[in-house]
Structures are given as C-alpha cells and as structure tokens.
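Tertiary structure, described
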Amino acid sequence: MLRCLRVLPARVTRNFSRWCSNYVARMRFINRLKEDEGACLTALESGDVFLYHTLAPLLRKTQQGVFQLPLLPFKDLEGILNRLGKDGSMVKDSVLITCTEQNRALFCLDVGELDQQAVEKECGGNFVDLRKAFFTLRGEEAPLVARGQALLRWHQGNGFCSASGKPTTRNQAGSQRVCHSNGLVYYPKMSPVIITLVSDGKRCLLARQASFPRGMFSALAGFCDMGETLEETLRREVAEEVGLEVVSVRYSGSQHWPFPQSSFMVACHATVSPGNTQVDVDHEELEEARWFTLEEIRAALKLRTPPRNPRDQPPTIWVPPSYAIAHKLIREWVDDQEHPYDGK
Ligand SMILES: NC(=O)C1=CN([C@@H]2O[C@H](COP(=O)(O)OP(=O)(O)OC[C@H]3O[C@@H](n4cnc5c(N)ncnc54)[C@H](OP(=O)(O)O)[C@@H]3O)[C@@H](O)[C@H]2O)C=CC1
Ligand SMILES: [Mg+2]
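What this report covers is the structure whose coordinates are included nearby. Nothing here was measured: the structure is a model prediction, and the numbers come from that model.

Neighbouring residues of ligand 1: 20 residues in total, closest Gln209, Ala221, Phe223, Glu241 and Ala326. Within the side chain of Glu241, an N or O atom sits 2.8 Å from an oxygen atom of ligand 1. Phe259 places a main-chain nitrogen or oxygen 3.2 Å from an oxygen atom of ligand 1. For ligand 1, whose accessible area on its own is 930 Å², the fraction buried by protein is 57%. Taken together, the elements giving at least two residues each to the shell around ligand 1 come down to strand E11 (191–199), strand E13 (220–223), helix H9 (230–242), strand E14 (248–257), strand E15 (263–271) and helix H11 (325–338).

Next up on the list: the sheet that holds strand E8 (residues 169–170). Sheets are built from strands that pair by backbone hydrogen bonding, the pairs being arranged parallel or antiparallel. Strand order in this open sheet of three strands is E8-E9-E10, and the pairing throughout is antiparallel. What marks the edges here is a single partner per strand, and that holds for E8 and strand E10 (185–186).

This paragraph deals with helix H5 (residues 74–83). Of the residues making up H5, those classed as buried are Phe74, Leu77, Ile80 and Leu81. All buried residues of H5 lie within an arc of 120° about the axis, which places them on one face of the element. Along H5, exposed side chains directed more than 90 degrees from the buried face belong to Lys75 and Arg83. Elements in contact with the buried residues of H5: helix H4 (37–45), strand E1 (48–53), strand E4 (72–73), strand E6 (105–110) and helix H6 (116–123). Among the residues trailing H5, Gly85 stands out with phi positive, at a value near 80°.

All right, on to the coordination of the magnesium ion (ligand 2) then. Protein-derived coordination of the magnesium ion (ligand 2) comes from Ala221 (O) and Glu241 (OE), at a distance range of 2.1 to 2.2 Å. Of this pair, Ala221 sits in strand E13 while Glu241 is found in helix H9, placing the two residues 20 residues apart along the sequence. Overall, the relative accessible area of 4% leaves Glu241 in the buried class.

Calculation notes
- Residues numbered from 1 in each chain as written.
- Chains lettered and ligands numbered in written order.
- Predicted model: local features only at pLDDT ≥ 70, side-chain atom pairs only at ≥ 80, totals over all residues.
- Heavy atoms only, no water.
- Near = heavy atom within 4 Å.
- Polar contact = N/O pair within 3.5 Å; in protein donor to acceptor, adjacent residues only side chain to side chain.
- Areas by Shrake-Rupley, 256 points an atom, 1.4 Å probe, with all protein chains shown as cover.
- Helix = DSSP H or I, 4+ residues; strand = E, 2+ residues; numbered from the N terminus.
- Pairing = 2+ DSSP bridges.
- Buried < 20%, exposed > 50% of the residue type's maximum accessible area, 1.4 Å probe, protein only.
- Arc of directions from axis to C-beta.
- Contact = heavy atoms within 4.5 Å.
- Donors = N, O, S within 2.8 Å, 3.2 Å for Na, K, Ca; no water.

Structure (structure tokens):
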C-alpha cells in the first residue's frame, strides 16, 4: 500500500484518509450483505440490477454512440418482469456484485428463461457476447460484467452437491451455496493462473497458441497445480512451454479473467540468465515462441489491435489489448528498458 501511495497524485493523497474511511465502511457494508439475509434483501429493494440472458450481458448504446451497462432499479425491473408475464419476485434471484460509493447495492440477474427480444425491447438494449461487452465497455464497467457473468455461471453449474447429489441452496447475496443434507458450503471458484513475461535483459519472450488470432503474441501463461506456490508454477510453466530456466521473479499485478471460465491471473516478470536463452518450444502447447527486441515490441504496441492482416502476407505482430494483464506486463517491460532502475 505504501508503494502505491507514493505514485498517487497529491490530490488523492490529501483525500486519502477520507477515502479510506469511506472504503472501510463500504467493504463492511458489502460483507454484512453477504451474512445478513434481511439486510441483503433490503439493499436489493433499494438497489440496482444489471441483466444477462444466458450469460450474455445487456448493453445499451447512448446517443453519443458509447456502450453502457444499464442499471435497472429494483421496482422498474419488477415492473418489466410483470409486463413480460413473469412473477416480479424473480428479481430476488439477483446476485450481489458490489455497492457504489453512496452505499447503493448493485446486483445482477440472468433472465435466460424469458424471451430475449422481448426483454431487449422493454429495456432498450441488446444482449451481447461477454467478450464483446468486455472489449466495448469503459474501464470500470468491464470488470463488473466479467464478475457478474462468473458468479452467475458458477450458480448455474453448482445447483447440486457433488457429495450427496442433493440440490444446494444459495444465500440472498449469492456468495455461497449450501447442501442442507450434509452441511457442505460451496463458494465461487476461480482457477489461479500465472502469467509471466520472460526477459534476458535485452529482449522479451512472447508466444502464441494456434488458437490465437493471426499475428497475436502474448506472455506465457499456465494454471497452478494443486499444492504449488506461484513461483513454482512460474518456473514449471516456463520450463515446460519453452525449455528455459528462470533465475528471478518479480510480481507485477493481478486480474480476474473471465475467459473461458474464471481464472485469477497473477502477473510476474521473470528473467533467464543471458547464457541460457535457447528456446525449445513445446508444440503441444504453443505454435511458436521467440525473443523480441525492444524495437519490435514498440512497433507492436503502436498498432490498433487487431491490425488488418492480409492473408497473403506475413502477419504483422501485435500484442493483447490494454484490458489484458499481458499488455500491462509488456508495457512495463518497455518502461524498464527505457528507464532502467539505477538502484538509488
Ligand atoms: N489476461 C491475459 O492477459 C491472458 C490470459 N490468459 C488466460 O490464462 C489461462 C491459462 O492459459 P493457458 O496457456 O491456456 O494455460 P496452460 O498453459 O496451463 O494450458 C492450458 C491447459 O491446461 C489445462 N487446463 C484447463 N483448465 C484448467 C484448470 N482450471 N486447471 C488446471 N489445468 C487446466 C487444459 O489441458 P487439458 O485439456 O489437457 O486438460 C488446457 O488445455 C487461460 O484462461 C487464458 O485465457 C492467457 C494469456 C493472457
Ligand atoms: Mg500456457
């Protein structure tokens, strides 16, 4: 936290103590909603809901052509459901996502059992694929749709206890499910993934899977095995995928990644020694992996992605767009090359 504070603008640090107390109150409020069924229902009745249809979020285009996530007040949504011939109490199936700085709770609901076009007409929007929504929405809304879909998907796939086979029931917030026959409590699940940008000091290593769009290269990624530390996963994945041995690791950041299912991406920079740079690609996992110079990476970062790539010409190299944590790693590496840390 102290490290983050150093880079915050003066205005933010001045307001930090006020912001901090708001933040603490808000986090405690959200936590109470997860534990107190009555409080959660009250918060839902005075809160807002955003919608999905079979896990595709509803977006609305403004007159300025900007896509937004429409937030429907509880009462409005009840009215919409009634007009579509549904019992308005279906709103109570909503799942808690977060709450605003004004402590207004935000929920989401999948209305997959209703006619999609009828809901779109009532709400003045369209249900779109999550990937498209994630790429189209502004910064603060994209993580919300990702989180909402992940939670709704988890509920849809965990309706039964894997030990007893009996139905599970959710709490009002949707933060857990319980099997009442044996008391087992289930919580939403994410798979931890390490993503790492390997450098030899002068170049960085990027790779592509055969399923990537043409010309796109990214950092190495891999799922953690049971019982591994993140450092062990990182060393193993780099060894498995490109046959290199990592000598140092530096944490960069993390991100919830909804594709194809919930992954918790932990991003790190890693180095190999300059004498140990011979890449040996595992072609079961990767189509290609190679070292890139600073100039090549600068050129890739300048491109609007994905670039026009005529089929009959070698593809232009490009990297994942800014919302992907791989992009952040690549930008940080360029910064490090341009402004090397002098140890002071
Ligand atoms: N946000 C970002 O910037 C980026 C995100 N990613 C994400 O990182 C994740 C992992 O990358 P990837 O290189 O594919 O991973 P891996 O290198 O671990 O290889 C994927 C393989 O792991 C197995 N697998 C799938 N799901 C799981 C799981 N939950 N736990 C353990 N093993 C699993 C599957 O093998 P099998 O079929 O043999 O069982 C799959 O083919 C993906 O979700 C990808 O979308 C990747 C790059 C950039
Ligand atoms: Mg991988």
